[in-house]
Amino acid sequence: AVVSTQSTGTLRTWYLCLDKMFGGGMLVSTVVKKLVTDQALFAPCFVACFISLNNLLQGKSMNEIKAQLRSEYLNIIIANWLIWVPCQILNFRLIPLQHRLMFANTMALIWNTYLAWKANAPNSDIQEVGR
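Residues numbered from 1 in each chain as written. Predicted model: local features only at pLDDT ≥ 70, side-chain atom pairs only at ≥ 80, totals over all residues. Heavy atoms only, no water.

Draft legend 1. Up close: the overall build of the protein. When its secondary structure is counted, the protein shows five helices and zero strands. If you list the helices and strands of the protein from N to C, you get α-α-α-α-α. Looking at the protein as a whole, 37% of its 131 residues are labelled buried. Once local pairs closer than 6 in sequence are excluded, the contacts in the protein between residues at least 24 apart make up 75%. (Helix = DSSP H or I, 4+ residues; strand = E, 2+ residues; numbered from the N terminus. Buried < 20%, exposed > 50% of the residue type's maximum accessible area, 1.4 Å probe, protein only. Contact = heavy atoms within 4.5 Å.)

Draft legend 2. Quick peek at the side chain of Ser-52. Note on placement: Ser-52 falls in helix H2 (residues 28-57). Polar contacts involving the side chain of Ser-52 include one to the main-chain carbonyl oxygen of Ala-48, which spans 2.8 Å. Excluding its chain neighbours within four sequence positions, the residues that come into contact with Ser-52 are Ile-65 and Leu-69. (Polar contact = N/O pair within 3.5 Å; in protein donor to acceptor, adjacent residues only side chain to side chain.)

Structure, rendered in structure tokens:
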């Protein structure tokens, strides 16, 4: 809940930054620029922060967090692309600016549930480090 609440304000600010950088239009070239920037800058940072914060709140050690990031990060980023690339294409191309945050938050509910599941899934590599 803490991470989801934080992500709403972060997303709003991020979308405003994207619009300032590339304009608010829905042209294909603008959508591609926003999408690439979003997936190259925002998504990797958000995933790492989500997993780290989730684990810190559970009292896990830095070694456990590093181990989980090493073992799960690439799989989570690939899942992120599978889910968020189509969503963001729709969001940037078809959804009016005033509704983008609502659309993204709806999709984020599904995505954050997946992230929480991945962050809390048993992982033999993580358990080994914790021993």
